[in-house]
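Summary of structural features
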Amino acid sequence: MARRKAASAAVARVAARAAPGVEAPLPGLARLAPTQQRSRERFERILACATEIMAEKGSEAFRMSDIVERSGVAFGSLYQYFPDKTAIIGTLAERHNAVGRDCVRRDLAAVSSARDLHPALCRIVDSYYEMFMREPVMRDIWQATQADRALQKLDADDMAVLSGLLSDAIARVAPSMPAATLATFSGLTMALIAAAVRHAITLPPRKARQVLTQFKTMLPGDLGGLA
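Here's a quick rundown of the structure.

What counts as what
- Residues numbered from 1 in each chain as written.
- Predicted model: local features only at pLDDT ≥ 70, side-chain atom pairs only at ≥ 80, totals over all residues.
- Heavy atoms only, no water.
- Helix = DSSP H or I, 4+ residues; strand = E, 2+ residues; numbered from the N terminus.
- Expected span 1.5 Å × (residues − 1).
- Contact = heavy atoms within 4.5 Å.
- Polar contact = N/O pair within 3.5 Å; in protein donor to acceptor, adjacent residues only side chain to side chain.
- Phe/Tyr/Trp six-rings, centres within 6.5 Å; stacked < 30°, edge-to-face > 60°.
- Buried < 20%, exposed > 50% of the residue type's maximum accessible area, 1.4 Å probe, protein only.
- Lys NZ or Arg CZ within 6 Å of the ring centre and 35° of its normal.

With 14 residues, helix H10 (residues 205–218) should reach 20 Å at 1.5 Å per residue; the first-to-last C-alpha distance of 20 Å fits that figure. Packing partners of the buried residues in H10 comprise helix H6 (117–134) and helix H9 (179–200).

The next thing to look at is H9. Helix length check: H9 (22 residues) gives 32 Å between terminal C-alpha atoms against 32 Å at 1.5 Å per residue, within 8%. The inward-facing, buried residues of H9 abut helix H5 (85–108), H6, helix H7 (137–147), helix H8 (149–173) and H10.

The subject of this paragraph is the side chain of Arg-95. Summarising the element assignment, Arg-95 is placed in helix H5. Polar contacts involving the side chain of Arg-95 include one to the side chain of Glu-44, which spans 2.7 Å.

The subject of this paragraph is the packing of aromatic side chains. Taken as a whole and assessed by the stated rule, the structure comprises three aromatic pairs. Consider the rings of Phe-75 and Tyr-79, whose centres lie 5.9 Å apart with planes at 15 degrees: the pair is stacked. A residue pair is termed a helical-turn pair when its members lie 3 or 4 positions apart in one helix, as Phe-75 and Tyr-79 do in helix H4 (residues 75–81) at four residues. We classify Tyr-79 as partly exposed; its relative accessible area is 33%. Within the aromatic cluster, the residues linked to one another by ring pairs are Phe-43, Tyr-81 and Phe-82. Lying over the aromatic face of Phe-62, Lys-85 brings its terminal NZ or CZ to 5.2 Å of the ring centre.

Structure below.
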């Protein structure tokens, strides 16, 4: 019960920071984002129930019929917004991705010299780990994104945005770095951070902290060899 309440609260927090747009242009997302209040409330109820069910069963086991049963939303209304389970998971993933991008922007905002880069990257590691621990359903969402091609595309697009944010921060303090080098370095760094955090969340908290502490010592602290 406590996990269900936490899951519902997670959706509410994320929804407040990343409300749906007018219409999803990509596969793996909601087919329709409502504009009227009653429809928006139904839309959010569907996502809240999906989050609860994933928190209980995992992303593989929950079914559209589970959402209908728990939310009281008719199948017709459910499919009006979401053509399949993938679209529900993708919509939730995009909302959490938006929160993650906000965290990265915040952590990189303080980069005003090359020596600020390493502390900023360490903050990103900590922010992502804390977000996964605070919103446990994100683990189920991430696992689902690895198994579905449409969701893999959403994950890849998110990684491209994160790499771009890091590239912009580095360009501020190392303007002479070649564009190709900057893009490769940023992409690899963000991919390594994501991999390290996703490994850490599979471990007991104490071990996870040890792993991430060691990983942060491996993050780049000097851009001199790249310029």
